[in-house]
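The lines below spell out each chain.
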Amino acid sequence: EAQVTQNPRYLITVTGKKLTVTCSQNMNHEYMSWYRQDPGLGLRQIYYSMNVEVTDKGDVPEGYKVSRKEKRNFPLILESPSPNQTSLYFCASSKLGNTEAFFGQGTRLTVV
Amino acid sequence: GQNIDQPTEMTATEGAIVQINCTYQTSGFNGLFWYQQHAGEAPTFLSYNVLDGLEEKGRFSSFLSRSKGYSYLLLKELQMKDSASYLCAEGTRNDYKLSFGAGTTVTVRA
């Protein structure tokens, strides 16, 4: 089954404690991205990647890091989480070009 | 950046029709997407328009006018399960980025 898998689905953590949210896709897609979704603001892109070892900033990259060592995986790293990073996070993948994006199930992160 | 506007909320009766408008302003336009998102779930793809005109897909249709920077999603024969948020998103050419509007929450009442 074609899918994008994120883990964990829910996470509560404390300020400053490094965390990683994993994302994996099995569709051989070149393009992967991370979004955060906040009430009234919609989905905002954090980082994206067009291929292995190629990553770039989206609209709200501050406080986040990503890596793309393999085509299928695109982890999101928060080196020192802060309460303003409490949000619902989605990973997405698609073929290169503006094509249909497939989203993971979401990760609800709370930073206290 | 892109400026994508869509209404915040709409309410309609089961069996009725609802039209959700979306306006955008950008250069490098490379297509307009609509996604459906049920509460607490991931967005799922509904439609994609890159040329002017109407694309029909069952009960859902999407329209695009590039000269006006305008799109709409038409939901016909509304069902209770259509209660969801509908996201308008614009694709851009150089970075293949998707820029989303804040979403329109549609509530279908019996």
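Residues numbered from 1 in each chain as written. Chains lettered and ligands numbered in written order. Predicted model: local features only at pLDDT ≥ 70, side-chain atom pairs only at ≥ 80, totals over all residues. Heavy atoms only, no water.

Draft legend 1. Representation of unusual backbone geometry in the model. Residue and element names in this part refer to chain A. Cis rather than trans, the peptide bond between Asn7 and Pro8 has omega equal to -5°. By the element assignment, Pro8 lies in the loop between strand 1 (4-7) and strand 2 (10-13). The phi dihedral of Asn28 falls on the positive side, at around 60°, and the residue is not glycine. Mapped onto the elements, Asn28 comes out in the loop between strand 3 (19-25) and strand 4 (31-38). On the basis of relative accessible area, Asn28 is assigned to the exposed category, the value being 54%. (Helix = DSSP H or I, 4+ residues; strand = E, 2+ residues; numbered from the N terminus. Buried < 20%, exposed > 50% of the residue type's maximum accessible area, 1.4 Å probe, protein only.)

Draft legend 2. Spotlight on the nonpolar core. Judged by nonpolar contacts, the single largest core of 20 residues is most densely connected at Ile20(B), Leu32(B), Trp34(B), Leu73(B), Leu75(B) and Tyr86(B). Mapped by element, the contributors of at least two residues to this core are strand 2 (18-23), strand 3 (29-37), strand 6 (60-65), strand 7 (70-75), strand 8 (84-92) and strand 10 (104-109) of chain B. By size, the runner-up hydrophobic cluster in this structure holds 19 residues, among which are Tyr47(A), Leu76(A), Tyr89(A) and Val111(A). (Core = buried A, V, L, I, M, F, W, Y, C linked by side-chain atoms within 4.5 Å.)

Draft legend 3. Examining the packing of aromatic side chains more closely. Taken as a whole, this structure holds 17 aromatic pairs over all chains when the rule is applied. When the centroid spacing of 6.3 Å and the interplanar angle of 70° are considered together, the rings of Phe103(A) and Phe100(B) count as edge-to-face. With Phe103(A) in strand 10 (residues 102-103) and Phe100(B) in strand 9 (residues 98-100), the pair connects residues from two separate chains. Phe100(B) matches Phe103(A) in its accessibility class, with the two residues each being buried. (Phe/Tyr/Trp six-rings, centres within 6.5 Å; stacked < 30°, edge-to-face > 60°.)

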